[in-house]
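An overview of the molecular structure
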Amino acid sequence: MSHSQPSDQPAPGDVKGDVNGAVQGATDAPAAVEGHGGSHATAVAAAHGVRTMFTLSGAHVFPMYDAAEKEDHGVSLLDVRHEQTAAFAAEATGKLTRSPGLAVLTAGPGVTNGVSALAQASFSGAPMVVVGGRAPAARWGTGSLQEFDHVPVVTPVTVSAETALDTADIAGATHRAFTASRSAHRGPAFLDVHMDHFFDRSTSVRPGPGQAADGTLAAAPDRSPDTDAVDRIAGLLAAASQPVLVLGSDVWADGAEDAALRCAEALGLPTIPNGMGRGILPAGHPLLVTKARGTAFGAADLVIVVGTPLDFRLGYGVFGGKDGATPATVVHIADSASQLSHHASAAVATAGDLGRVLDALTEATQKRSPRPDWSVWTTTLRDKADATHAADLELLSADADPIHPARIYGELLPRLAEDAVVIGDGGDFVSYAGKFIEPARPGNWLDPGPFGCLGAGLGAAIAARIARPSSQVVLLLGDGAAGFSLIDVDTLVRHRLPVVMVMGNNAAWGLEKGPMQMLYGYDVIADLAPRTRYDEVVKALGGAGEMVTDPAQLGPALDRAFASGVPYLVNVVTDVDAAYPRSTFGV
C-alpha cells in the first residue's frame, strides 16, 4: 500500500481502546496465521494501531515492506531521506496519537542513525517502536554486511530492547515491544530481527493491545491511586495559601487532560503547564499563569507537579524561598513509580493513573471544611500575567531592523487556528515560541523537550500532517537546526504533505553564542553564513518559499505560506543580538 494524500489517512494509532492499550471487546484469542517474518511483524504492528511505517529503504527489512505493500494490514509506507527523520516521525506520532509510532530501520547504520530519536523519546516518555534489521543468523560472526549487535547500544535509552529468537518468535517479540512502549511509563522500544528470520515462514498468533502473547485477554496492571497519599496531598492543599499546579506531558500521554482541567477549575488552582501539557488550560483561561511563572514559583508555598520530572526546567524541584521566605512544599505525582524524583525532597510522592489520581485529589480536597480559597493569590498571579502580556505586545509589534524574533510571533499568533499543531526545532527562536504561544488545545505542541535534540522538526512535521490531516501544521525552525534535516522537505514534497515552515535566521548558534560571550568575553564557532537562502533550498526540493527582511512583509508572507498547499518556508532574517532572556542554561 503506497502512501496517499493526508486526508485519506486514518490517524496512526487509531485503535479502539484507551491510552493504556486495553482493547474494547477483545475476548476471543485470534487464530494462528501462516506467513513470513515481515508479515507477522507488520500484522502485530497494525493490531497495535500502526497506520504508517516510517522507513528508509534497506534490504534487511524488505519483508516488512512486502507485507505493507501486498497484504491488507492498513499500513502505508512512508520513506524518508535520513533514518533519523523516520525515527523522529515515529516519536512524534506517539506523542500526538498516544499510541506507538513505528520506524523500520535497516541494520547497522540504519539503526544507529535512529538512536537520537530513541533517546529523545526516552526523555519525553513518547511511545514508539523501532524494528531494526539484523545480519543473517546463519552468517552471524562471519563478518556479513552491517553485522552489528544493536541491543547493547539502545538498551540504555529504551523501555525494552531484544532480538527475536527466530521466525516463530517475531509476532510475540513485536507484541512485547509495543506492549512495553505503550505501558506507563511510556517510551521507546526496540526489536531487531535477523534477515533470514524475516524471510523465513512460520505459523504464529498475532496479538494486539490488551492481549497476552497467545492472544487471550491480559490482565491490566493496577494503577489505582494511593488513597492515603491523595489524602495527605489534600491536607497540604487545605493548609496552603499560595499553591501552584504544574501539568506536564505525561498528563496528556495518560489521557488525563480532562481530569486535570476539572481539578484546576474545581479547586481554583493557578496552573502552569509544560511540554504537551500546554493547552490543557487553553490560552486566555483565568487560571493559566504561565506568564507569571517567576512570581508563581518564587512565592508559592505548595507546588504540585504532575506528569513531568523535577528537572532543570522546574528548578530541580526547588520552589519558593524568595526573599528569605520558607521554601515551598513540593508534591510529585507521576504515571509510574519509576518517574518519581529521587533528588528532590517531596513531601508526598505518588504514582498511578493520572486521571484517577487527579479526580481523587479533587474529591478529597472538596470534602475539606472549610474549603480552601485562593482567590487573592490567583488574582495576584493573573494581574502579573496580564502585565507581562501587555509588556510583550511591544516586542510582538516591534519594527526593528534586523527583525526581532518576537515580531514573527506577533504576526503568526493571529493566524494560528485553534487546532494548529506547532512544532519547535531550534534554540533561541523556539524559546521565544514557548514564551508567546499558548495553545488552545492539549496535544498540539511539540518541542525538543528535556533532551534538547535538534533535527527532530521535519520528522515531527511529517507525523503531524498525517496524524492531524485537517489541522494547520507549523514548523518553527532555527537556521542551525535546519541543517540537520532540511533535506527531508523532499519527503514532504514526494508524499504531498503540506507544512508551513517559519525560520528564524540569525546566522548563528544563538543558544551558544550568548553564553560563551558571557563566560569568556568572546565567542568562537558560533556563527553561520549570513542570509543563507534556505528558502531556495526548499524550492529546489520541490517546495516553495521566500526570504523576508522587512517586518511589514511578515504577515503577507505567512498568508502566502498558509494558502500555498505545499511545503513552504518563510525564511526570516532576524537580529542575532536579540537573544532570548533565559534564566537557566540547563546545568
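Note that this is a predicted model, so its numbers are computed, not measured.

So, how was this worked out
Residues numbered from 1 in each chain as written. Predicted model: local features only at pLDDT ≥ 70, side-chain atom pairs only at ≥ 80, totals over all residues. Heavy atoms only, no water. Helix = DSSP H or I, 4+ residues; strand = E, 2+ residues; numbered from the N terminus. Contact = heavy atoms within 4.5 Å. Axes fitted to C-alpha atoms, helices over the stretch in contact; angles between N-to-C directions. Parallel < 35°, antiparallel > 145°, perpendicular 65-115°, else oblique. Left-handed = near helix turned anticlockwise from the far one by under 90°. Nonpolar A, V, L, I, M, F, W, Y, C, P; charged D, E, K, R; others polar. Phe/Tyr/Trp six-rings, centres within 6.5 Å; stacked < 30°, edge-to-face > 60°. Lys NZ or Arg CZ within 6 Å of the ring centre and 35° of its normal. Pairing = 2+ DSSP bridges. Patch = residues over 30% accessible without salt bridge, like charges linked within 9 Å, V, L, I, M, F, W, Y side chains within 5 Å. Areas by Shrake-Rupley, 256 points an atom, 1.4 Å probe, with all protein chains shown as cover. Salt bridge = Lys/Arg side-chain N within 4 Å of Asp/Glu carboxyl O. Buried < 20%, exposed > 50% of the residue type's maximum accessible area, 1.4 Å probe, protein only. Expected span 1.5 Å × (residues − 1). Arc of directions from axis to C-beta. Core = buried A, V, L, I, M, F, W, Y, C linked by side-chain atoms within 4.5 Å. pLDDT = per-residue confidence, 0-100. Polar contact = N/O pair within 3.5 Å; in protein donor to acceptor, adjacent residues only side chain to side chain.

Examining the environment of A579
- One can find A579 in the segment after β19 (568–573).
- The spacing of A579 and A463 is 116 residues in sequence and 30 Å in space, taken between C-alpha atoms.
- Ignoring any residue separated from it by four or fewer positions in sequence, one finds A579 in contact with D428 and Y432.

What about the packing of helix α9 (residues 227–239) against helix α13 (residues 354–366)?
- Relative orientation of the contacting elements α9 and α13 amounts to 50°, with a least axis distance of 9 Å. In this view, α9 runs oblique relative to α13, as classed from their interaxial angle. Judged by the twist between their axes, the crossing of α9 over α13 is right-handed. Residues V230, D231, I233, A234 and L237 of α9 form the contact with α13, whose participating residues are V357, A360, L361, A364 and T365.
- Grouping the amino acids of the contact of α9 with α13 by side-chain chemistry returns 8 nonpolar, 1 polar and 1 charged.

Some remarks on the packing of aromatic side chains
- Within this structure, the stated rule accounts for 9 aromatic pairs.
- Ring centres 4.9 Å apart and planes at 55° place the aromatic pair F297 and F319 in the tilted group. Pair noted here: F297 is in helix α12 (residues 293–299) and F319 is in the loop between β11 (302–306) and β12 (329–334), with a separation of 22 residues, a long-range link.
- Clustering of aromatic rings is evident, with ring pairs tying together Y409, F429, Y432, F436 and Y580.
- One Lys or Arg, R134, reaches over the ring of W140 and ends 4.2 Å from the middle of that ring.
- Looking at R278, its charged tip hangs above the ring of W445, at a distance of 4.1 Å from the centre.

Observations concerning the sheet that holds strand β2 (residues 52–55)
- Reading across from one edge, β3-β2-β4-β5-β7-β6 is the order of the 6 strands in this open sheet, with parallel pairing throughout. Of all strands in the sheet, those bounded by a partner on one side alone are β3 (76–79) and β6 (160–163). Across the sheet, the mean angle from the axis of one strand to that of its neighbour is 20°, orientation sign disregarded.
- By the bridge criterion, 7 bridges tie strand β5 (residues 128–134) to strand β7 (residues 188–194) in an arrangement that is parallel.

Section: a nonpolar patch on the surface
- Where nonpolar side chains cluster on the molecular surface, the patch consists of M518, L519, Y520, Y522, V524 and I525 and spans about 750 Å² of accessible area.
- Relative to the assigned elements, V524 resides in the loop between α20 (510–520) and α21 (534–540).
- In this structure V524 comes out as partly exposed when scored by relative accessible area, which is 41%.

Description of the sheet that holds strand β15 (residues 445–446)
- On the basis of which strands lie adjacent, the open sheet formed by 6 strands has the order β15-β14-β16-β17-β19-β18 and parallel pairing. The open sheet has two free edges, formed respectively by β15 and β18 (544–548), since each of these has just one partner strand.
- Here strand β17 (residues 500–505) runs beside β19; their pairing, made up of 6 bridges, is parallel. Looking across to β19, one finds that M503 is bridged to N571.
- Running at roughly 135° to strand β16 (residues 473–478), helix α16 (residues 428–436) makes contact with β14 (421–425), β15, β16 and β17 of the sheet.

A short note on helix α14 (residues 375–396)
- The terminal C-alpha atoms of α14, which comprises 22 residues, lie 30 Å apart, in line with the 32 Å expected from a rise of 1.5 Å per residue.
- Taken together, the buried positions of α14 are W377, T378, L381, A385, T388, D392 and L396. Buried residues in α14, looked at end-on, bunch into an arc of 90°, giving them a common side. For α14, exposure combined with an orientation more than 90 degrees from the buried face picks out V376 and E394.
- Where α14 is buried, its residues contact β9 (243–247), α12, α15 (405–412) and α16.

Examining the pattern of salt bridges
- Taken as a whole, this structure holds 31 salt bridges when the rule is applied.
- The closest approach of N and O atoms between K367 and E363, which form a salt bridge, is 3.4 Å.
- Classification of E363 by relative accessible area gives partly exposed; the value is 45%.
- With its nearest N and O atoms 3.3 Å apart, the salt bridge here joins E418 to R441. Here E418 is found in the loop between α15 and β14, whereas its partner R441 is found in the loop between α16 and β15, with 23 residues between them in sequence.
- The partly exposed category is assigned to R441, whose relative accessible area is 38%.
- One salt-bridge network, in which partners are shared between bridges, spans R186, R223, D254, D335 and D353.

What to know about the nonpolar core
- By size, the foremost hydrophobic cluster in this structure holds 56 residues, and its most contacted members are F54, I423, I462, L475 and M501.
- Per-element tally for this core: the top contributor is helix α17 (residues 457–467), with 8 residues.
- Contact partners of M501, with chain neighbours within four places excluded, come to L475, L477, V489, V538, P567, Y568, L569 and V570.
- Listed in part, the 51 residues of the second largest apolar core include A234, L269, A300 and W374.

Some remarks on the confidence of the model for the protein chain
- Looking at the protein chain, pLDDT values average 93 and 94% of them are 70 or higher.
- Confidence drops under a pLDDT of 50 for residues 1–26, and excluding neighbours within four residues, the segment shows 77 contacts in the predicted structure.

Observations concerning the packing of helix α11 (residues 257–267) against α13
- It is the contact of α11 with α13, at a shortest axis distance of 8 Å, that shows an interaxial angle of 15°. Overall, the two elements α11 and α13 adopt an arrangement that is roughly parallel. Viewed along their axes, α11 and α13 form a crossing whose handedness is left-handed. The residues of α13 that touch α11, namely those facing A259, A260, R262, C263, A266 and L267, are G355, L358, D359, T362, T365 and Q366.
- By residue class, the composition of the contact of α11 with α13 is 6 nonpolar, 4 polar and 2 charged.

A short note on α13
- The terminal C-alpha atoms of α13, which comprises 13 residues, lie 18 Å apart, in line with the 18 Å expected from a rise of 1.5 Å per residue.
- By the burial criterion, the buried members of α13 are L354, G355, V357, L358, L361, T362, A364 and T365.
- Lining the buried residues of α13 we find α9, α10 (249–253), α11, β11 and β12.
- The N-cap residue of α13 is D353: its side-chain oxygen and the backbone nitrogen of G355 are 3.1 Å apart.

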